[in-house]
Amino acid sequence: MKPHILVLILDAARYDALALAGGVSAMPGLQRLAGQSRVYTRAYCNAPWTLPSHASIFSGLPASRHGATQQTLQMRADVPHLAEILHEQAGYRTYLFAANDWFAAETGLARGFEHLVGNPVHHGRPLQRRWRNLKAKLRRRLQAEARWSVSQRLVAAMLATLDEAVSARQPHFLFANLMDAHLPLRPSRDAAARFFDDPAEAEQARRLALPVVEHRHVAGRRRLDARELSLLRRLYRAALYDLDTTLAPLLDRLQQPHLRGRILLVVAADHGEHLGEHGLIGHQFSVYQPLVRVPLLIHRDGEIDAAIIDTPVQLSDLFPTLLRQAGLSPSAFGSNAGRDLLDDGLLSAREDRAIFVEYARPAM
């Protein structure tokens, strides 16, 4: 039986902050699940920002081949898309859960998804797009969603979809992008209180965790000192802890008898984040390790043995891996270079493998 597939992309989540293979994790619930999963300690994105990285997941190709770079901002229409293939060739119902502007018809990332949740796509409707963006900015400014965040809404929708999948004859493909670790950082007060004894420090950290501060810091116009970087790092961990709490009902649901073993779960980040390393903040102008090394785990209860995989892998390897899980041959869709992440050969020994990360002429 084809599994339902659930992919959770934690936007801008650093490998070291999640500590899935051991250490102090900002996401303890997810770390517990990692103990029952295949964890890839040397996983890398294909490009250090959202659009090209996701396009590589959806196509199995590097950015220079799928076309979604700073110059074109669009995945090539002739490149097969994972959601499209799963829907048309394997009979999957396809769902996209995102509140990220890159998941739009204009970029090609939303192609193949029948249902879009949390991210209305206003192709060719600039006024609606501007109004949506304005509302999002107002919500962030007023912190109106502190008690019921965007991610909580998306997780609630995913839970409802999984309940629907139980009785459906068709397999379901759910793909989510969750933005909690992406600037601007707005963790709940409860999460912030775990990392800040002084509420005034937490508030100062919130004022630092803004895109405008990132841009000024990178440009050398407003350099953050060591204390300010420490505040930013603590707020970043608070945001991930908040996300861990939000994901808890979803991860618990996978352990219930009616879903156990029926869901193939992938958790990864599309890229990491600089928090002061190399004089940088955010995910611009770099292919350094804090930005391109990402957390990655795959879980299917009773079907996939827990293991630590040290062989280098890339997010583009998810394309052939998920196609094979759906009973399809990746070579039929132009993917010949990727590695099946569930190949038992990865269990035996650490292998050498070249990793290729691209950042095509960054422009800000």
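Structure shown above.
I will try to describe carefully the structure that is included in this document. (Residues numbered from 1 in each chain as written. Predicted model: local features only at pLDDT ≥ 70, side-chain atom pairs only at ≥ 80, totals over all residues. Heavy atoms only, no water.)

1. Points about the packing of aromatic side chains
- Summed over the entire model, instances satisfying the criterion amount to nine aromatic pairs.
- Here the aromatic rings of Trp-49 and Trp-102 are separated by 5.2 Å at their centres, their planes lie at 70°, and the arrangement is edge-to-face. A residue pair is termed long-range when its members are at least 10 positions apart, and Trp-49 in the loop between strand S3 (43–44) and helix H3 (50–59) and Trp-102 in the loop between strand S4 (93–98) and strand S5 (115–117) qualify at 53 residues.
- Look at Trp-49 and you get buried, because its relative accessible area is 10%.
- When the ring of Phe-103 is compared with that of Phe-175, the centres are 6.4 Å apart and the planes differ by 45°; the resulting orientation is tilted. Taken as a pair, Phe-103 in the loop between S4 and S5 and Phe-175 in strand S6 (residues 172–178) lie far apart in primary sequence, 72 residues in all. Neither Phe-103 nor Phe-175 differs from the other in exposure class; each is buried.
- An aromatic cluster is built from Phe-58, Phe-103, Phe-113, Phe-173 and Phe-175, whose rings are joined through pairwise contacts.
- In this arrangement the basic side chain of Arg-293 is found over the ring face of Tyr-15, its NZ or CZ atom lying 3.9 Å from the centre. (Phe/Tyr/Trp six-rings, centres within 6.5 Å; stacked < 30°, edge-to-face > 60°. Helix = DSSP H or I, 4+ residues; strand = E, 2+ residues; numbered from the N terminus. Buried < 20%, exposed > 50% of the residue type's maximum accessible area, 1.4 Å probe, protein only. Lys NZ or Arg CZ within 6 Å of the ring centre and 35° of its normal.)

2. Re the sheet that holds strand S11 (residues 296–299)
- The strand order across the open sheet built from eight strands is S5-S4-S6-S1-S7-S11-S2-S12, with neighbouring strands paired in mixed fashion. Only two strands of the sheet have a single neighbouring strand rather than two, namely S5 and strand S12 (307–309). For this sheet, the mean angle separating the axes of adjacent strands, direction not counted, is 15°.
- Bridge count between S4 and S5: three bridges; the pairing is parallel. Residue pairing for S5: Leu-96 is matched across the bridge by Leu-116.
- Against the sheet, H3 contacts strand S1 (4–10) and S6, and its axis sits at roughly 165° relative to S6.
- Running at roughly 175° to S1, helix H11 (residues 226–253) makes contact with S1, S6 and strand S7 (263–268) of the sheet. (Pairing = 2+ DSSP bridges. Axes fitted to C-alpha atoms, helices over the stretch in contact; angles between N-to-C directions. Contact = heavy atoms within 4.5 Å.)

3. Some thoughts on helix H5 (residues 82–90)
- For H5, the full list of buried residues reads Leu-82, Ala-83, Ile-85, Leu-86 and Ala-90. Down the axis of H5, the sector holding all buried residues measures 165°, keeping them to one side.
- The secondary structure elements touched by the buried residues of H5 are S1, H3, S4, S6 and helix H13 (318–325).
- Positive phi shows up at Gly-91, right after H5, with a value of about 75°. (Arc of directions from axis to C-beta.)

4. Considerations on the sheet that holds S3
- Strand order across the open sheet formed by three strands is S10-S3-S13, with mixed pairing between neighbours. Each having just a single partner strand, strand S10 (293–294) and strand S13 (313–314) make up the two edges of the open sheet.
- Strand direction decides the pairing type here: S3 and S13, joined by two bridges, are parallel. Directly across from Ala-43, in S13, lies its bridge partner Val-313.

5. Thoughts on H3
- The buried fraction of H3 is high, at 10 of 10 residues.
- Within H3, the full set of buried residues consists of Thr-50, Leu-51, Pro-52, Ser-53, His-54, Ala-55, Ser-56, Ile-57, Phe-58 and Ser-59.
- Once H3 ends, the next one or two residues include Gly-60, with phi positive near 75°.

That's the geometry; what it means functionally is another story.
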